[in-house]
Amino acid sequence: MQIKYTALNFQEKLAKFSDRWSPKVIAEMNDYQFKLVKLKGDFVWHAHKDTDEVFIVVDGQMIIEFRDGAVELSTGEMFVVPKGIEHKPHAEKECYMLLIEPRGVVNTRDTVGEKTAQNGIWI
């Protein structure tokens, strides 16, 4: 098997899609997926009961709201939402983010609706 040694470029990957709140897989490591996503506006309140969720801002600004507070993130910053904690991401302007989570995690968890994304879409 021939291994291809090529770096992934976030900007090139982000240019391949325009939909928001729909994470796209760009790489895997063991059972974890690296996903790029574009955000703008409000997401839905949800919690991931079985896994933490890592938010890494590649470009822009966003807020992660909690029932008892919030955290603001800007380009180059990250935050880990502990499993089971209800949260709602929000971005006033378009924000680009990298998620790292176990394969198969649904973006809205049990809160199924119009912002529930199809899982496992690679770009």
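Data block above holds the structure.
Here's what I pulled together on the structure shown here. (Residues numbered from 1 in each chain as written. Predicted model: local features only at pLDDT ≥ 70, side-chain atom pairs only at ≥ 80, totals over all residues. Heavy atoms only, no water.)

### As for the pairing of strand β5 (residues 69-74)
Remark: a regular strand shows side chains that alternate across the two faces of the sheet.
Thinking step 1. Strand direction decides the pairing type here: strand β4 (residues 61-66) and β5, joined by six bridges, are antiparallel. Looking across to β5, one finds that Phe66 is bridged to Gly69.
Thinking step 2. Between β4 and the antiparallel strand that follows it, β5, lie two residues. (Pairing = 2+ DSSP bridges. Helix = DSSP H or I, 4+ residues; strand = E, 2+ residues; numbered from the N terminus.)

### Thoughts on the layout of surface pockets
Thinking step 1. The calculated volume of the largest pocket comes to roughly 200 Å³.
Thinking step 2. Mapped onto the lining of the largest pocket, the elements with two or more residues apiece are β4, β5 and β7 (87-102).
Thinking step 3. In terms of residue class, the lining of the largest pocket is built from four nonpolar, four polar and four charged.
Thinking step 4. The computed volume of the second largest pocket comes to approximately 170 Å³.
Thinking step 5. Contributing to the lining of the second largest pocket are Lys4, Thr6, Ala7 and Leu8.
Thinking step 6. For the lining of the second largest pocket, a count of residues per class yields two nonpolar, one polar and one charged. (1 Å grid on protein atoms, 1.4 Å probe; cavity = no way out; pocket = protein on both sides within 12 Å on 5 of 7 lines; lining within 4 Å. Points joined across faces, edges and corners; volume = space filled by probe spheres on them. Nonpolar A, V, L, I, M, F, W, Y, C, P; charged D, E, K, R; others polar.)

### Some words on a nonpolar patch on the surface
Thinking step 1. Where nonpolar side chains cluster on the molecular surface, the patch consists of Met1, Ile3 and Tyr5 and spans about 500 Å² of accessible area.
Thinking step 2. By the element assignment, Tyr5 lies in the segment before α1 (10-14). (Patch = residues over 30% accessible without salt bridge, like charges linked within 9 Å, V, L, I, M, F, W, Y side chains within 5 Å. Areas by Shrake-Rupley, 256 points an atom, 1.4 Å probe, with all protein chains shown as cover. Salt bridge = Lys/Arg side-chain N within 4 Å of Asp/Glu carboxyl O.)

### A closer look at the packing of aromatic side chains
Thinking step 1. Scanning all chains against the criterion turns up two aromatic pairs.
Thinking step 2. Aromatic pair Trp21 and Phe43: ring centres 4.7 Å apart, planes at 20°, arrangement stacked. One end of the pair, Trp21, is in the loop between α1 and β1 (24-29); the other, Phe43, is in the loop between β2 (32-42) and β3 (53-59), with 22 residues separating them in the sequence. Assigned by exposure class, Trp21 and Phe43 land together as buried.
Thinking step 3. Each ring, one from Phe66 and one from Phe79, has its centre 5.9 Å from the other, and the planes form 55°; the classification is tilted. With Phe66 in strand β4 and Phe79 in strand β6 (residues 78-81), this pair connects stretches of sequence that are 13 residues apart.
Thinking step 4. Given the relative accessible area of 14%, Phe66 is considered buried.
Thinking step 5. The class for Phe79 is partly exposed, based on a relative accessible area of 26%. (Phe/Tyr/Trp six-rings, centres within 6.5 Å; stacked < 30°, edge-to-face > 60°. Buried < 20%, exposed > 50% of the residue type's maximum accessible area, 1.4 Å probe, protein only.)

### Quick word on the side chain of Lys24
Thinking step 1. Structurally, the position occupied by Lys24 is in strand β1.
Thinking step 2. At 3.0 Å, the side chain of Lys24 and the side chain of Ser22 are in polar contact.
Thinking step 3. Among all residues touching Lys24, those that are not within four sequence positions of it are Phe17, Asp19, Phe34, Lys35, Leu36, Ile121 and Ile123. (Polar contact = N/O pair within 3.5 Å; in protein donor to acceptor, adjacent residues only side chain to side chain. Contact = heavy atoms within 4.5 Å.)

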